[in-house]
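Chain by chain, the residues run as shown.
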Amino acid sequence: MPAQKAVQALSAKTDAMRATAVPLLVKLEEQVEKLTKLADDYLEQGMLGHYAEAIKMRDSATVSLEGLQQKLGISGEAADLATPTKAEVKKEAKKDAEREAKEDAKRLSERDKDNGKKADAREAKEDTKKAVKDEPNEALDLCNDEPSYRWIAAGEGCVVEIKGPACEADAMPDVELSEVQARCSWETSAWQLTLPVAFSLDVAKCKVVRRRKRQILELHLTPAPPAPSCGLKQAVLEQGFGWMDGFLAGQEADVVRARLLDLWKKGELNEGEVEGGKRQHLRSDHYLFMQEDDPAVAPFTRRLDQLVLSIAKEVDELKDLWLMRGRPMVAVYAGAGARYTPHFDAVRGDNGRKITCVLYLNPFWKPGDGAELQIFPEAKGISPEGPCHEVQPLHGRLACFLCDSRNLHAVKPVSESAKMPRVAISCWYYDSEVEHGLGR
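No experiment lies behind these values; they were computed from the predicted model shown.

A. Inspection of empty space enclosed by the protein at higher detail. If you walk through the whole model with that rule in mind, you get 2 cavities of 30 Å³ or more. Every residue lining the largest cavity is counted, 15 residues in all, and those nearest its centre are Asn-362, Trp-365, Met-420, Pro-421 and Arg-422. For the lining of the largest cavity, the class distribution of residues is 9 nonpolar, 2 polar and 4 charged.

Written as structure tokens, this is what we have:
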């Protein structure tokens, strides 16, 4: 009998402890959820240093929560008791998300109105220009005879339907497949189409089918078994620069390219200039710092943030920095001779830039078109010296390099034979503790 009373007393004491602990458990659960949301918000804004710190705080709160649950042996019961509070938190979070969505829609609507007014002003300006316009520069005109293509999902792989240029509608192009891309070349018209694929190809199982009645070519692309990831991170760690193919692939790359070309055709881009607003024949591209919430670009920046986070964990020059992404910049090099002479993106921390990332979006680029990125890793001054590494601006290819007084680089002149403008979008990651403009 005394033993039974002792057990009952112990049970009552345990229940009391559990009841007392539940509010603390609920607070810890709420803290984990809030820190997770805070981290997501930081990542959405490209604030990688703040994101990493929020993740550390969340992980610490999670360890405390799990430790308390294990110590009290009430993790299941606590979860049940905490359910109403968690439900309320989720409900409130849903309300916040709906409110933010409405605000975003309102902001985008207002921006569209402003863009409409700007477009009207530009059209009026263009009408005035037409009266005194010189003969058009043929190198700047987009050829309407380029090949066209579309992606079709097919199980784990995909099919690409390709229609050749009108002047070679009946011609069979040369097809070359590698592990990361598909390439078609038309000999007579000199067109070349290079498409990045979102998975590694099993070249032996891929098929090329010609549909004569429809005058199209079908590339049936089959994925290979998973393989180790590319060596971009290792290349940046070992030599300070590197590149990878297929960072954006398939329709993802096409969507971004179409958006950038649309901005260029509408005259939204500015003439290239160097620091201090000077041109001095150093740079002849057109550029624009884009809005961070642009739906065509946001998937790219989110994926890039994750890559740079993984690089920053390994590279000594980036480890202890609170990195922040600046606004993405589109650059278009159009017309023979368009180039960017050798330069550094930052010199002794003058603007806070630490790493440069450039995504190329040129499915029709071919050797001889020019506009390759040149990197001179051993150059100490503004004059190129030592070995030169050239990066072809292929569709979906991403180049990354450490840029504070390192990796002198240039863009080679566009050649007269280039049929299309060279398109790229760049992001710089800054030391957030240094005053700078962030491209804003």
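B. The state of the cysteines, seen in detail. For the coordinates displayed, the defined rule picks out 0 disulfides. Looking at the unpaired Cys-403, the closest cysteine sulfur is the one in Cys-357, lying at 8.8 Å. Relative accessible area serves as the criterion here: at 0%, Cys-403 is assigned to the buried category.

C. Region of the structure containing the sheet that holds strand E16 (residues 389–391). With antiparallel pairing, 4 strands are arranged side by side in an open sheet as E13-E18-E15-E16. Two strands close off the open sheet at either side, each with one partner strand: strand E13 (340–343) and E16. Averaged over neighbouring strand pairs, the angle between their axes works out to 15° when direction is ignored.

D. Structural view of the environment of Ala-198. For Ala-198, the position within the fold is in the loop between strand E5 (192–196) and strand E6 (207–211). Sequence separation between Ala-198 and Gly-396 is 198 residues; the distance between their C-alpha atoms is 9.5 Å.

E. Highlighting the pattern of salt bridges. In total, this model carries 18 salt bridges according to the counting rule given. Notably, a salt bridge pairs Asp-285 with Arg-283, separated by 2.7 Å at the nearest N-O pair. Connected through salt bridges with shared partners, the residues Arg-259, Asp-262, Lys-266 and Asp-294 form a single ionic network.

F. Region of interest: the side chain of His-395. Note that His-395 resides in the loop between E16 and strand E17 (398–402). Within the structure, the side chain of His-395 is placed 2.9 Å from the side chain of Asp-254, a separation counted as a polar contact. Only 3.3 Å separates the side chain of His-395 from the backbone nitrogen of Asn-362, close enough to count as a polar contact. When sequence neighbours within four positions are dropped, the list of residues in contact with His-395 reads Tyr-149, Thr-194, Leu-195, Pro-196, Ala-253, Asp-254, Arg-257, Tyr-360, Leu-361, Asn-362 and Pro-363.

Cut-offs used in this document
- Residues numbered from 1 in each chain as written.
- Predicted model: local features only at pLDDT ≥ 70, side-chain atom pairs only at ≥ 80, totals over all residues.
- Heavy atoms only, no water.
- 1 Å grid on protein atoms, 1.4 Å probe; cavity = no way out; pocket = protein on both sides within 12 Å on 5 of 7 lines; lining within 4 Å.
- Points joined across faces, edges and corners; volume = space filled by probe spheres on them.
- Nonpolar A, V, L, I, M, F, W, Y, C, P; charged D, E, K, R; others polar.
- Disulfide = S-S within 2.5 Å.
- Buried < 20%, exposed > 50% of the residue type's maximum accessible area, 1.4 Å probe, protein only.
- Pairing = 2+ DSSP bridges.
- Helix = DSSP H or I, 4+ residues; strand = E, 2+ residues; numbered from the N terminus.
- Axes fitted to C-alpha atoms, helices over the stretch in contact; angles between N-to-C directions.
- Salt bridge = Lys/Arg side-chain N within 4 Å of Asp/Glu carboxyl O.
- Polar contact = N/O pair within 3.5 Å; in protein donor to acceptor, adjacent residues only side chain to side chain.
- Contact = heavy atoms within 4.5 Å.

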